[in-house]
Amino acid sequence: MSSTPVMGVLALQGDVREHLIALAAADAVARPVRRPEELAEVDGLVIPGGESTTISKLAALFGLMEPLRERIAAGLPVYGTCAGLIMLADKILDPRSGQETFGGIDMIVRRNAFGRQNESFEAGVTVEGVEGGPVEGVFIRAPWVESIGADVEVLAEHEGHVVAVRQGRALATSFHPELTGDHRIHALFVDMVRAAG
C-alpha cells in the first residue's frame, strides 16, 4: 500500500457522499463499493449510517455479505457509523426478522436506543485517541453498545452509554461525524489503515 490508502465506502444505502468527502479530507483516495470486485481493491472500508435492516438485505442481494464477512475476519480495517456500528456487531439485542450483520466487533448493540427520528440530537463527545477536544456527534435514531467482550476498547460514552468502540482494526461510532465537517475520526481511521498496511 502506498502512503495514500484506498478507502471504500459501502454504497448500498446511507450518507455515502459525506463519508467520501470526509475520507478525501483525511488524505485518502475514497471510492464507493457496491460489488465484490470493488471490495477487493480497497485497503479499508467505511460502513455508513442508514437503515441496518436495509443494508443487510442489500448486501445479500449484491453478493457482498460473505465477501465482507471474510475480509473483516481476515483483518480488513473497517469503520461503521450508526447503522454501520450495528452491522459490525456480533450480536443485535432486538434484530428485525432475517437481519444479519457482518460482525467483527465482540459486542451486543441495541437498535434505535437513543429514540426515534424526532428525538435526534447533537452532543460533544470526547473520543479517546482524538486530539483537540470533543467531536460533535450527530445522533440520529442512534444505537448504543449494550455490552462488550474482553478485547473491545471503549473510546467514548454519552450519558453513561457506550457510543464508540474499537477492536483491533475495527472502529465503530453510534453517531455520524461525517455530517459535521469535523474529519478527525476519519483521520484516526485512515491512520489505522496506514498502520495495518
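Up top is the structure these notes are about.
(A) Quick peek at the overall build of the chain. Per the secondary structure count, the chain includes 6 helices and 12 strands. The principal-axis extents of the C-alpha atoms in the chain amount to approximately 40 × 40 × 35 Å. Within the chain, residue pairs in contact and separated by at least 24 positions form 65% of the contacts whose partners lie at least 6 positions apart. By element, 48% of the accessible surface of the chain is carried by carbon and sulfur atoms, the whole surface being about 8400 Å². Across the chain, the mean location of the 17 positive side-chain charges is 6 Å away from that of the 27 negative side-chain charges.

(B) Representation of helix 3 (residues 52-61). Turning to helix 3, its buried residues number three or more, namely S52, T53, I55, S56 and A59. For helix 3, the angular spread of buried residues about the axis comes to 165°, placing them on one side. Facing away from the buried surface of helix 3 by more than 90 degrees, the exposed residues are K57 and L61. G63 sits one or two positions beyond helix 3 and adopts a positive phi of about 70°.

(C) Region of interest: unusual backbone geometry. Phi is positive for D27, close to 65°, though the residue is something other than glycine. Turning to its location among the elements, D27 is positioned in the loop between helix 1 (16-25) and strand 2 (29-33). Judged by its relative accessible area of 54%, D27 falls in the exposed class. Phi angles above zero are rare outside glycine, and N112 is one such case at about 50°. Mapped onto the elements, N112 comes out in the loop between strand 6 (105-110) and strand 7 (121-125).

(D) Spatial organisation of the environment of N112. Between the C-alpha atom of N112 and that of T81, which follows or precedes it by 31 residues, the distance is 13 Å. In this structure N112 touches R141, A142 and P143, once residues within four positions along its chain are discounted.

(E) Inspection of the pattern of salt bridges at higher detail. Here the structure, examined in full by the defined rule, presents 10 salt bridges. Between R141 and E51 there is a salt bridge, with its nearest N and O atoms 3.8 Å apart. Residue R141 is located in the loop between strand 8 (135-139) and strand 9 (144-148), and its partner E51 is located in the loop between strand 3 (44-47) and helix 3; the two are separated by 90 residues in the primary sequence. R141 gets classed as partly exposed once you look at its relative accessible area, which sits at 24%. Note on E51: relative accessible area 14%, which makes it buried.

(F) Seen up close, the packing of aromatic side chains. The final tally for this structure, using the stated rule, is 6 aromatic pairs. For the ring pair F114 and W144, a centre distance of 5.0 Å and an interplane angle of 85° mean the geometry is edge-to-face. Pair noted here: F114 is in the loop between strand 6 and strand 7 and W144 is in strand 9, with a separation of 30 residues, a long-range link. Ring geometry for F121 versus F139: centroids 4.7 Å apart, planes at 10°, classification stacked. Taken together, the positions of F121 in strand 7 and F139 in strand 8 put the pair 18 residues apart, joining distant regions of the chain.

(G) Quick peek at the pairing of strand 1 (residues 6-10). Here strand 1 lies mainly inside the structure; 5 of its 5 residues are buried. On strand 1, burial covers both faces: V6, G8 and L10 on one face and M7 and V9 on the other are all buried. Strand direction decides the pairing type here: strand 1 and strand 2, joined by 5 bridges, are parallel. Residue pairing for strand 2: V6 is matched across the bridge by V29. Note on the crossover from strand 1 through helix 1 to strand 2: the handedness is right-handed.

Thresholds, definitions, all that
- Residues numbered from 1 in each chain as written.
- Predicted model: local features only at pLDDT ≥ 70, side-chain atom pairs only at ≥ 80, totals over all residues.
- Heavy atoms only, no water.
- Helix = DSSP H or I, 4+ residues; strand = E, 2+ residues; numbered from the N terminus.
- Contact = heavy atoms within 4.5 Å.
- Areas by Shrake-Rupley, 256 points an atom, 1.4 Å probe, with all protein chains shown as cover.
- Lys, Arg positive; Asp, Glu negative; His and termini not counted.
- Charge placed at Lys NZ, Arg CZ, Asp CG, Glu CD.
- Buried < 20%, exposed > 50% of the residue type's maximum accessible area, 1.4 Å probe, protein only.
- Arc of directions from axis to C-beta.
- Salt bridge = Lys/Arg side-chain N within 4 Å of Asp/Glu carboxyl O.
- Phe/Tyr/Trp six-rings, centres within 6.5 Å; stacked < 30°, edge-to-face > 60°.
- Pairing = 2+ DSSP bridges.
- Right-handed = clockwise from strand over helix to strand, strands pointing away.

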